[in-house]
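Observations on the model geometry
So you can see what is in the structure, the chains are spelled out below.
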Amino acid sequence: MSGGWAFNLNRRPLLDVLCLLYGLSSWLAITGLWMELPLLVHALPERWALPAVLSVAIQMGNVGPLLYGLSTVIWRHRFTGPRALSIANHVQLCIGIIACVALITAWRATGFILGRETSIVLLVAAFALSIVDCTSSVVYLPFVGRFREVYMTSYLVGEGLGGVVPGLVALAQGVEDAICVNETMPSTSVTENSSEGMTAVLDVEAINFEPEVFFGVLLLLVLLSYGSFILLDNCKSFQNEWVCTTLFSTMPIERHSVSVRHIVN
């Protein structure tokens with residue numbers, strides 16, 4: 001097949017790559033964060049209740065599309081059309097970056113809520129990342145829809161890779177065999193089957209690198225997505241790939257030079 005892939009399919013490979021990278025941050029909380037559960041369960045106070053608590057925090061992220069919809073109604077005269085999408089993307093991706101930085105620096109931090117020790121930083125970060133995930137359907141897709149439909153495939157491939165890459169990193173991380181260790185427990189937690197003030201718990205550790213490195217990979221994915229968005233949103237050379245969508249038709253936007261002749265009688 002002569003002529004090359006880019007010419008035969010009438011598309012720009014660089015734009016394909018940017019759309020792919022843009023989609024990497026679509027499902028980080030749902031597909032990426034869960035990869036670390038084998039390590040998080042044994043390192044945090046929730047223990048085996050952590051998956052249930054984490055699910056609640058992630059489901060609360062569905063408030064993101066609601067807030068976006070309300071903001072477009074409340075400030076509809078100021079933020080409309082492409083400008084509203086750009087602002088929403090900036091806010092959303094910045095939230096993802098802050099959440100990943102919090103995970104890297106303080107995912108073990110805990111506090112007491114209703115008298116129970118809780119992994120506050122992890123749950124808040126999971127909630128923030130889930131806002132990015134849930135809102136991506138109403139923010140990312142319309143933004144990619146600004147371009148010709150051939151680039152939607154590249155974006156969807158990026159969405160898939162957003163789950164594949166963390167999975168491969170988790171496999172490379174490795175997990176040691178679980179071992180039983182003795183931990184000192186408060187006197188109120190001592191049971192009849194445990195020694196006084198001691199209890200046996202399972203301990204699992206990573207083989208090759210710690211969870212901080214894994215969360216760093218999530219941060220890298222968000223940064224790649226953010227950088228790609230900035231280029232897609234601001235690079236004028238991509239504007240000839242935009243489409244003008246009306247109620248009845250979709251047609252490419254092309255730049256035409258118009259020459260005007262002044263006829264002097």
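Residues numbered from 1 in each chain as written. Predicted model: local features only at pLDDT ≥ 70, side-chain atom pairs only at ≥ 80, totals over all residues. Heavy atoms only, no water.

1. Let's talk about a nonpolar patch on the surface
Put simply, the rule is: Only residues whose relative accessible area exceeds 30% and that form no salt bridge enter a patch; like-charged residues are grouped when within 9 Å of one another, and nonpolar side chains (Val, Leu, Ile, Met, Phe, Trp, Tyr) when within 5 Å. What sets the accessible areas is the Shrake-Rupley method with a 1.4 Å probe; for residues, cover comes only from the shown protein chains. Here, a salt bridge means any Lys or Arg side-chain nitrogen found within 4 Å of an Asp or Glu carboxyl oxygen. Only DSSP runs of H or I with at least four residues qualify as helices, and only runs of E with at least two residues qualify as strands; both kinds are numbered from the N terminus onward. For every residue, the accessible area (1.4 Å probe, protein chains only) is compared with the maximum for its type, and the residue is labelled buried under 20%, exposed over 50%, or partly exposed between those bounds.
The grouping of Leu-66, Leu-67, Leu-70, Val-73, Ile-74 and Trp-75 at the surface amounts to a nonpolar patch, some 620 Å² of accessible area in total. Examined against the element boundaries, Leu-70 turns out to sit in helix H6 (residues 63-74). By relative accessible area, Leu-70 is classed as partly exposed at 45%.

2. What to know about the packing of helix H2 (residues 13-22) against helix H10 (residues 211-234)
Keep this limit in mind: Each axis is a line fitted through C-alpha atoms, taken for helices only over the stretch in contact, and angles between the N-to-C directions span 0 to 180 degrees. Just so you know how the angles are binned, under 35 degrees is roughly parallel, over 145 roughly antiparallel, 65 to 115 roughly perpendicular, and the rest oblique. Each crossing gets its hand from how the near helix is turned against the far one by less than a right angle, where anticlockwise is left-handed and clockwise is right-handed. Between two residues, a contact is recorded if the distance between any of their heavy atoms is within 4.5 Å. Under the scheme applied, nonpolar residues are Ala, Val, Leu, Ile, Met, Phe, Trp, Tyr, Cys and Pro; charged residues are Asp, Glu, Lys and Arg; polar residues are all the others, including Gly.
Two numbers describe how H2 lies on H10: the axes approach to 7 Å, and their chain directions differ by 135°. As far as their axial angle goes, H10 and H2 are oblique. In terms of crossing hand, the pair formed by H2 and H10 is left-handed. Every residue of H10 that contacts H2 at Leu-15, Leu-18, Cys-19, Leu-21 and Tyr-22 is listed here: Leu-224, Ser-225, Ser-228, Phe-229, Leu-231 and Leu-232. Looking at side-chain class alone, the contact of H2 with H10 contains nine nonpolar, two polar and no charged residues.

3. A few points about the UniProt feature "transmembrane region" (unreviewed entry) in the chain
We apply this condition: UniProt positions are given in the numbering used here, feature names are shortened, and annotations may be inferred rather than shown by experiment.
If you check UniProt for "transmembrane region" (unreviewed entry), the listed places come out as residues 20-41, 48-75, 87-107, 119-143 and 213-232 in our numbering. In residues 20-41, helix accounts for 59% and strand for 0%; the two terminal C-alpha atoms are 32 Å from one another. Helix and strand shares over residues 119-143 are 96% and 0% respectively, and the end C-alpha atoms of the span are 35 Å apart.

4. Here we look at the confidence of the model for the chain
Defined as follows: On a scale of 0 to 100, pLDDT captures the predictor's confidence in every residue.
For the chain, mean pLDDT is 78; residues scoring 70 or higher make up 75% of the total. Every residue in residues 188-192 is under pLDDT 50, and counting partners more than four places away or in other chains gives three contacts. With pLDDT under 50 throughout, residues 245-265 is counted as low confidence; its partners more than four residues away or in other chains account for 14 contacts.

5. Let's talk about the pattern of salt bridges
This structure, assessed with the given rule, holds two salt bridges. Two residues, Asp-233 and Arg-146, come together in a salt bridge whose shortest N-O distance is 3.0 Å. A residue pair is termed long-range when its members are at least 10 positions apart, and Asp-233 in helix H10 and Arg-146 in the loop between helix H8 (120-144) and helix H9 (152-173) qualify at 87 residues. As a salt-bridge pair, Glu-241 and Arg-148 come within 2.8 Å of each other at their nearest N and O atoms. With Glu-241 in the loop between H10 and strand E5 (243-245) and Arg-148 in the loop between H8 and H9, this pair connects stretches of sequence that are 93 residues apart. Using a relative accessible area of 8% as the deciding quantity, one classes Glu-241 as buried. Relative accessible area serves as the criterion here: at 14%, Arg-148 is assigned to the buried category.

6. A few points about the nonpolar core
Note the following rule: Here, the term nonpolar core denotes a set of buried Ala, Val, Leu, Ile, Met, Phe, Trp, Tyr and Cys residues that are joined through side-chain atoms within 4.5 Å.
Core analysis: the largest hydrophobic core is formed by 52 residues, its most contacted members being Tyr-22, Leu-103, Phe-215 and Leu-232. Looking at this core, the elements with two or more residues in it are H2, helix H3 (28-32), helix H4 (37-43), helix H5 (50-59), helix H7 (81-106), H8, H9 and H10. Here the element with the most residues in this core is H8; it accounts for eleven residues. Residues in contact with Tyr-22, not counting those within four places in the same chain, are Asn-89, Val-139, Tyr-140, Phe-143, Val-144, Tyr-155, Ser-225, Ser-228, Phe-229 and Leu-232.

7. Comments concerning the packing of H9 against H10
Relative orientation of the contacting elements H9 and H10 amounts to 160°, with a least axis distance of 10 Å. The angle between H9 and H10 places the two elements in the roughly antiparallel class. Viewed along their axes, H9 and H10 form a crossing whose handedness is right-handed. Touching Gly-162, Val-165, Pro-166, Val-169, Ala-170 and Gln-173 of H9 are Pro-211, Phe-214, Val-217, Leu-218 and Leu-221, all from H10. Residues of the contact of H9 with H10, tallied by class, amount to nine nonpolar, two polar and no charged.

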